[in-house]
Protein chains: 2
Amino acid sequence: MEKMTLSSVEVTSEFWQGYRDLIVQSVLPYQWSVMNDQAEIVIEGEPGGKPITSKNSHVVANLRIAQGLEEGRFSGYPFQDSDAYKWLEAAAYSFAYHPDDNLRKITDRLIDLIAGVQEDDGYLVTYFQIECPERKFKRLQQSHEHYTMGHYIEAGIAYYQATGNSKALTIATRMADCIDENFGLEAGKIDGADGHPEIEIALAKLYELTNEQKYLDLVRYFINRRGADPDFYAKQNLADGLQNDIIAGMGDFPPSYYQADGLPVNQEVLEGHAVRVVYLCAGMAHVARLTEDRELLSACDRFWTTIVTKRMYITGGVGSTNLGEAFTTDYDLPNDTVYAETCASVGMVFFAKQMLGNRVDSRYGDVIEKELFNGALSGMSLDGKHFFYVNPLEVDPEITKKNPSRKHALSRRAEWFGCACCPSNLARLITSVESYIYEVTKDTILIDQFIANKAEFSNGVAIEQVNHFPWGQAIQVTVVNPLEKPVKLGIRIPDWTNKGYKLTVNGKDVVGSVENGYLMLLLGEKETQLVIEFDLSVKLIQANHSVRYDIGKVAVQRGPLVYCTEQVDNPDSLWKYRLLLEGEQKSVHRPDLLGGVTVIEAEAALLVDHSEALYTEYQAPMTEKVTLNLIPYYAWANRAEGQMSVWQHVAIKG
Amino acid sequence: MEKMTLSSVEVTSEFWQGYRDLIVQSVLPYQWSVMNDQAEIVIEGEPGGKPITSKNSHVVANLRIAQGLEEGRFSGYPFQDSDAYKWLEAAAYSFAYHPDDNLRKITDRLIDLIAGVQEDDGYLVTYFQIECPERKFKRLQQSHEHYTMGHYIEAGIAYYQATGNSKALTIATRMADCIDENFGLEAGKIDGADGHPEIEIALAKLYELTNEQKYLDLVRYFINRRGADPDFYAKQNLADGLQNDIIAGMGDFPPSYYQADGLPVNQEVLEGHAVRVVYLCAGMAHVARLTEDRELLSACDRFWTTIVTKRMYITGGVGSTNLGEAFTTDYDLPNDTVYAETCASVGMVFFAKQMLGNRVDSRYGDVIEKELFNGALSGMSLDGKHFFYVNPLEVDPEITKKNPSRKHALSRRAEWFGCACCPSNLARLITSVESYIYEVTKDTILIDQFIANKAEFSNGVAIEQVNHFPWGQAIQVTVVNPLEKPVKLGIRIPDWTNKGYKLTVNGKDVVGSVENGYLMLLLGEKETQLVIEFDLSVKLIQANHSVRYDIGKVAVQRGPLVYCTEQVDNPDSLWKYRLLLEGEQKSVHRPDLLGGVTVIEAEAALLVDHSEALYTEYQAPMTEKVTLNLIPYYAWANRAEGQMSVWQHVAIKG
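The model shown is predicted, which means the values in this text are computed figures rather than measured ones.

### Section: the overall build of chain A
1) Next: Scanning chain A from terminus to terminus reveals 17 helices and 25 strands.
2) Next: Taking 2.2 N^0.38 as the reference for a compact globule, 654 residues should give roughly 26 Å; the C-alpha atoms of chain A span a radius of gyration of 25 Å, in line with that estimate.
3) Next: Counting all 654 residues of chain A, 63% fall into the buried class.
4) Next: The contacts of chain A with a sequence gap of at least 6 include a subset with a gap of at least 24, amounting to 71%.

This is how it looks when you write it as structure tokens:
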């Protein structure tokens, strides 16, 4: 019996179509103009660092210079090409819901340009081609060569699948072959892995598309040799010249920062740079799925557990420090010196999706949802032209300005960045969001995400999901099953419902059976109408008391959305409010606010200082009864600049 | 009528004599061996940075090399000489209570060595003499030349006053004359000030000793020209070579960091490096006192107010960030990324003392006391051989290890530092602590500090103070007045008593008159016995609610001592304890603990997590009734390494 697959899926969700339309109307054209140095913008440097005032991004210029179409020097980071590739990937996905001849011409020409830059052996990284071809593959710790080509490979696959453009795919396979020629255990090859994981994701995808065994072998090689020699980078750096860091300072980070201090499969925990960690995890989980490698999956389980149960912010953000953009340690989750890079939240979605491919368990979809509706989505403004690299949970613009260890936690999104990985990462996630709605196992269709859509499956089944999620609580699912062969359907029951849901099947109340967090149903009729209602009442969430920064506080959540307070809605300094635990929290939908959001009005007490003195003897605080106004976290920083806080101090009423 | 002066004062306080004995028995010999590269120690680098593993400190070696007594290169910071000078100053003060022939030989020889290094024009900074004489005075932003010589001037004055060694004073005046020759408004002179204030304090002292007008003119010149040209440092740096930072990176700090972005007397607030700020303030206040300059005093008032009412930690620590070792902004007082450099707390004592010299007001003595008993004293271990540069209010050693923005907040004092300014600063403060006990105005003797002592005044009055401070509440003051001429006596009423005190005069209860925070008495009898009792009950202190990190918390204080919890006394993670506001806090004196301290046992609730999950729906916490054990903050980090916290979460009983 042939494997059941998803044939097509069209997003109909007003919420998500809004974002997807924004991508095609604003984000893609905007990013294209930036990459062509045609936008008049201010570029934020290292988050909180000096703004870069020179040319925009030089991405396309680098490609043209590398091909000899114009004169000039390379400009940017060694992975600058990848901005174009992620943009291209996002564009490719967008054709599925927004065919656009003009954009198609641009992207086809971009493919041609890229093909023209690619060298005979398949190599393509413009930094090295323009500036220092003698240094190719010689400083893998920092060169991002596999990372850069890996992003093309992902883009090339997406473009080929969207348009049938076979040149796009050929560029990708030639890159993979080039890497295969140069890396491996055989004599004459380099035995080591790129300092920034990414190629693992790309090669796994390439294998799945082409079924070429060499690509699976190659990715398994990288996963099994990364960190085999913890001194690999040190040796390469020495041979390449210790003073010759390609990215200043990167030589100082230890191998653990690059997850290369030992074989990942043997590690208890992966440390270091957060985006590298989650990309590596995503690649490992993908390979584990393809090869049914239990040891690899075990390692992924360990990494998943540590991140999600000890090192993840409530918004889904990961990465506790700007110094290294890295994980730190268990339960170390400061809200104002946090990093929570947008790319890392996007990467968590990739990781979670691959884990779901290994094992049916709702906790993966819970994290996908958390990122989609909070930590990843907050990376973009509502106008599609401003972005966050860092996604803090507590911000005071005055402190951001004056305290250097908070300066990376901006309270206003930037127009662009010197290192511009985040905007295009978010764009490609949003334009491919439909691919996260379903998971099809051997015999079950899982509805994993509550994103309104119309889908068709290879066995003739069609599913339509209608909802007003995340605002309204009813999820309406219509399953059309023309062949009337029984089909297993699983619907994720999100963790925030406390396992509660109300289900009607064709109008009748049904108590279903929940397995691994999915409500399992066997549907054999020609048409089945399901209505599931989740509990969308406001929840107050606390953190484990090992997280010292959240003690005495709660976060407010409604459905999948984490909420926050913003200065613009609350006149006093945000830290002076105390949410009343025994008070009321009222949800109010405001269609004219922030594109249409449900806000929460919570009864609170506002602390009033007895005196202006800095330190005084404790007195029971004077308080005023007030309303604390909260908005969804993803929508913050779209109005007047000011303080913001996810965690709220609490008081007991009375 | 001649001005009344303090003739002599001998510290009899067990508490302070213990520290003063420790200085002469341990600290001075230890520091001397370090400066002679004879100690086997580990040197902490930049706080939290890489340990320096090479030679100890090269201080004496630099002097010997500069004089040509040995071959070699300079090693250390450009201000390395000042370690020797502050040590010398501490030794000089120690002779008053611990005459020591061996030490005297060493210090006399050191004076000779220094004299031999001094150049004909009076210049002495070994870095430039050894490495680059052509760069003298050419990079004032970073050279610390006036800073270094200023510290000698202070030491030379102290040494001359302690021993009569006139060579010591001559070295100082020649240094001052050298600076006078080279700096000023006249043609051919350099018109600018040293990047690190210090010379102002030194010249003011030199003027007071010598009465030479030129020194007063010189210090007024520096105060009135600092920042007159905000580009002064930039121009010098350019001429000296932009790439030639003497201390790497210092060229990047803006003029405000050096309090040189405008005339200090015109500034609302002084920003930047905390030690520079407080040294400048001390110098300005000293000059304001000498010249009765009201505009200057006004500026000092503004700076005092901002620091003490908006930017000072409850321990007396100042400096909210390690990045720049600097102030940040009002109410920005994070407890774990704090800097609170020991030197800055020592500098606050200098500033406060000079303010008291300008104006009788108890708030200055309150800060002196706070620093002496908390923020400065915590800089040294009980064994006198380990020191803190940074004095945090919240530490978790695991987080210090793993989170780079907390790595400067050590939980164990270091044996020495690459930049070793703090240990000798604390040593000279402790060995001169008697100079802070009294303030003699035109007609009043103020008892400003509760440090047991015997003192004699120029009008024949003798005062003896006996107490068990900070443990016991009774201060016994015997005033012997042989001439029976009425003498005005003022006794500071500390802010922590809430203005409460019990006074008996010759056994009779008296309600005194308090002016500007001093209990004023007119004493005419041959002998008067005063007993003052202060309220030493435990106080719970809160911070202004603008300090967001302290919301929902209290600090525990008893008398002048701020208390803290340490892991070694409290089995669970410290952040899980909630002090019960309506519970009991018991003081218990433990003579065998930490050299003999009063500890506080507070009723508390220990939070117990309902589950291991990271985020759960809020439930009223499960708690256990426990005792929270606190020790004086100055005594922390002398036992097993672990967490520490000054601020305690609170709960209402019931």
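### With respect to helix α4 (residues 101-117) of chain A
All names here are of chain A.
1) Next: Between its first and last C-alpha atoms α4 spans 24 Å; for 17 residues at 1.5 Å apiece the expected length is 24 Å, and the two agree.
2) Next: At its buried positions, α4 is contacted by α1 (14-35), α2 (59-67), α3 (81-95), α5 (126-131), α7 (145-163) and α8 (166-182).
3) Next: Sitting at the amino-terminal end of α4 is Asp-100, which places a side-chain oxygen 3.0 Å from the backbone nitrogen of Asn-102.

### Some points on the domain arrangement of chain A
All names here are of chain A.
1) Next: In terms of domains, chain A is made up of domain 1 (13-436), domain 2 (438-469 + 473-534) and domain 3 (538-651).
2) Next: Measuring from the centre of the C-alpha atoms in domain 1 to the corresponding centre in domain 3 gives 34 Å.
3) Next: Facing the 29 residues of domain 1 at the interface are 29 residues of domain 3.
4) Next: Here domain 1 and domain 3 share an interface that buries about 2500 Å² over both sides, 57% of which is from carbon and sulfur atoms.
5) Next: Linking domain 1 with domain 3 are 1 salt bridge, by the criterion used here.
6) Next: Taking the shortest distance from any N to any O, the salt bridge between Arg-412 and Glu-641 comes out at 3.6 Å.
7) Next: On inspection of domain 1 and its partner domain 3, the count reaches 14 residue pairs in polar contact (both at pLDDT 80 or more).
8) Next: Counting residues per element, the side of domain 1 that touches domain 3 draws most heavily on helix α15 (residues 362-375), at 4 residues.
9) Next: Partitioned by chemical class, the residues of the side of domain 1 that touches domain 3 number 15 nonpolar, 7 polar and 7 charged.

### Section: the packing of aromatic side chains
Residue and element names in this part refer to chain A.
1) Next: Summed over the entire model, instances satisfying the criterion amount to 72 aromatic pairs over all chains.
2) Next: Both rings, one in Phe-15 and one in Trp-471, keep their centres 6.1 Å apart while their planes meet at 65 degrees; by these two values the pair is edge-to-face. Placement of Phe-15 in helix α1 and of Trp-471 in the loop between β8 (462-467) and β9 (474-480) is noted, with a sequence separation of 456 residues between them. By the burial criterion, Phe-15 is buried, and Trp-471 matches it.
3) Next: A ring pair is formed by Tyr-279 and Phe-350, whose centres lie 6.3 Å apart and whose planes are at 40 degrees; its orientation type is tilted. Of this pair, Tyr-279 sits in helix α12 (residues 274-291) while Phe-350 sits in helix α14 (residues 342-358), and the two are 71 residues apart along the sequence.

### Comments concerning the pattern of salt bridges
1) Next: Inspection of the entire model under this criterion finds 82 salt bridges over all chains.
2) Next: Arg-548 of chain A serves as the salt-bridge partner of Glu-394 of chain B, at 2.4 Å between the closest nitrogen and oxygen. You can see Glu-394 of chain B sitting in strand β3 (residues 394-395) and its partner Arg-548 of chain A sitting in the loop between β16 (538-543) and β17 (553-558), one on each of two chains.
3) Next: By relative accessible area, Arg-548 of chain A is classed as buried at 8%.
4) Next: Here the residues in one salt-bridge network are Glu-89, Glu-154, Lys-205 and Arg-428 of chain A, joined through shared partners.

### Digging into the interface of chain B and chain A
Accessible area lost upon the coming together of the parts serves often as the stated size of an interface.
1) Next: With 62 residues of chain B in contact, the opposing surface of chain A contributes 62 residues.
2) Next: Summing the contributions of chain B and of chain A, the shared interface buries around 5300 Å²; its carbon and sulfur component is 52%.
3) Next: Of all residues in chain B, the largest losses of buried area upon contact with chain A belong to Arg-548, Leu-614 and Tyr-615 of chain B, amounting jointly to 16% of the total for that side.
4) Next: Across the chain B-chain A interface, the total number found is 4 salt bridges.
5) Next: At the boundary of chain B and chain A, one finds 30 residue pairs in polar contact (both at pLDDT 80 or more).
6) Next: When contributions to the side of chain B that touches chain A are tallied by element, the ones reaching two or more residues are α13 (294-310), α16 (397-402), β16 (538-543), β21 (597-608), β22 (615-617) and β25 (647-651) of chain B.

### Points about the confidence of the model for chain A
Should the pLDDT be low somewhere, the predicted coordinates at that spot are not to be read in detail.
1) Next: Mean pLDDT for chain A: 95, with 97% of residues reaching 70 or above.
2) Next: The ipTM for the predicted assembly is 0.95, set against a pTM of 0.94.

### Remarks on the packing of helix α8 (residues 166-182) of chain B against helix α10 (residues 213-225) of chain B
All names here are of chain B.
1) Next: It is the contact of α8 with α10, at a shortest axis distance of 11 Å, that shows an interaxial angle of 50 degrees. One way to sum up the angle between α8 and α10 is to call them oblique. The way α8 lies across α10 gives a crossing that is left-handed. Side by side, α8 and α10 meet where Thr-173, Ala-176, Asp-177, Ile-179 and Asp-180 of the first sit next to Lys-214, Tyr-215, Leu-218 and Phe-222 of the second.
2) Next: Looking at the contact of α8 with α10 residue by residue, the classes come out as 5 nonpolar, 1 polar and 3 charged.

### So, the sheet that holds strand β11 (residues 501-505) of chain B
Residue and element names in this part refer to chain B.
1) Next: Spatially, β1-β7-β8-β9-β15-β11-β12 is the arrangement adopted by the 7 strands of the open sheet, whose pairing is antiparallel. Pairing within the sheet leaves two strands with one partner each, and these edge strands are β1 (6-11) and β12 (508-510). Taking the axes of each pair of neighbouring strands and ignoring which way they run, one obtains an average angle of 20 degrees across the sheet.
2) Next: Taken together, the 5 bridges between β1 and strand β7 (residues 453-457) define a ladder with antiparallel strand orientation. The partner of Leu-6 across the bridge, within β7, is Phe-457.

### Quick notes on the side chain of Arg-558 of chain B
Residue and element names in this part refer to chain B.
1) Next: Among the structural elements, Arg-558 can be located in strand β17 (residues 553-558).
2) Next: For the buried Arg-558, no salt bridge exists, and the shortest N-O distance to an oppositely charged side chain is 8.2 Å, to Asp-535.
3) Next: A distance of 3.0 Å separates the side chain of Arg-558 from the backbone oxygen of Trp-471, its partner in a polar contact.

### Some remarks on the relation of the copies chain B and chain A
1) Next: Placing chain B over chain A gives an RMSD of 0.0 Å and needs a rotation angle of 180 degrees, together with 0.0 Å of translation along the axis. Such a combination of rotation and displacement between the chain copies is what one expects of a two-fold axis.
2) Next: When the interface residues of chain B are mapped onto chain A, 100% of them again fall at the interface, so both copies present the same face.

### Quick word on α8 of chain B
All names here are of chain B.
1) Next: Here α8 contains 17 residues, and its C-alpha end-to-end distance of 24 Å stays within 8% of the 24 Å for a straight helix at 1.5 Å per residue.
2) Next: Where the residues of α8 are buried, they touch α3 (81-95), α4 (101-117), α7 (145-163), α9 (199-210) and α10.
3) Next: For α8, the N-terminal cap is Asn-165; the gap from its side-chain oxygen to the backbone nitrogen of Lys-167 is 3.0 Å.
4) Next: A positive backbone phi angle near 155 degrees is found at Gly-184, which sits one or two residues after α8.

Calculation rules
- Residues numbered from 1 in each chain as written.
- Chains lettered and ligands numbered in written order.
- Predicted model: local features only at pLDDT ≥ 70, side-chain atom pairs only at ≥ 80, totals over all residues.
- Heavy atoms only, no water.
- Helix = DSSP H or I, 4+ residues; strand = E, 2+ residues; numbered from the N terminus.
- Rg over C-alpha atoms; globule rule 2.2 N^0.38 Å.
- Buried < 20%, exposed > 50% of the residue type's maximum accessible area, 1.4 Å probe, protein only.
- Contact = heavy atoms within 4.5 Å.
- Expected span 1.5 Å × (residues − 1).
- Polar contact = N/O pair within 3.5 Å; in protein donor to acceptor, adjacent residues only side chain to side chain.
- Domains from an automatic or database assignment.
- Buried area = accessible area lost by both parts, 1.4 Å probe.
- Salt bridge = Lys/Arg side-chain N within 4 Å of Asp/Glu carboxyl O.
- Nonpolar A, V, L, I, M, F, W, Y, C, P; charged D, E, K, R; others polar.
- Phe/Tyr/Trp six-rings, centres within 6.5 Å; stacked < 30°, edge-to-face > 60°.
- pLDDT = per-residue confidence, 0-100.
- Axes fitted to C-alpha atoms, helices over the stretch in contact; angles between N-to-C directions.
- Parallel < 35°, antiparallel > 145°, perpendicular 65-115°, else oblique.
- Left-handed = near helix turned anticlockwise from the far one by under 90°.
- Pairing = 2+ DSSP bridges.
- Lys, Arg positive; Asp, Glu negative; His and termini not counted.
- Least-squares fit on C-alpha atoms with pLDDT ≥ 70 in both.

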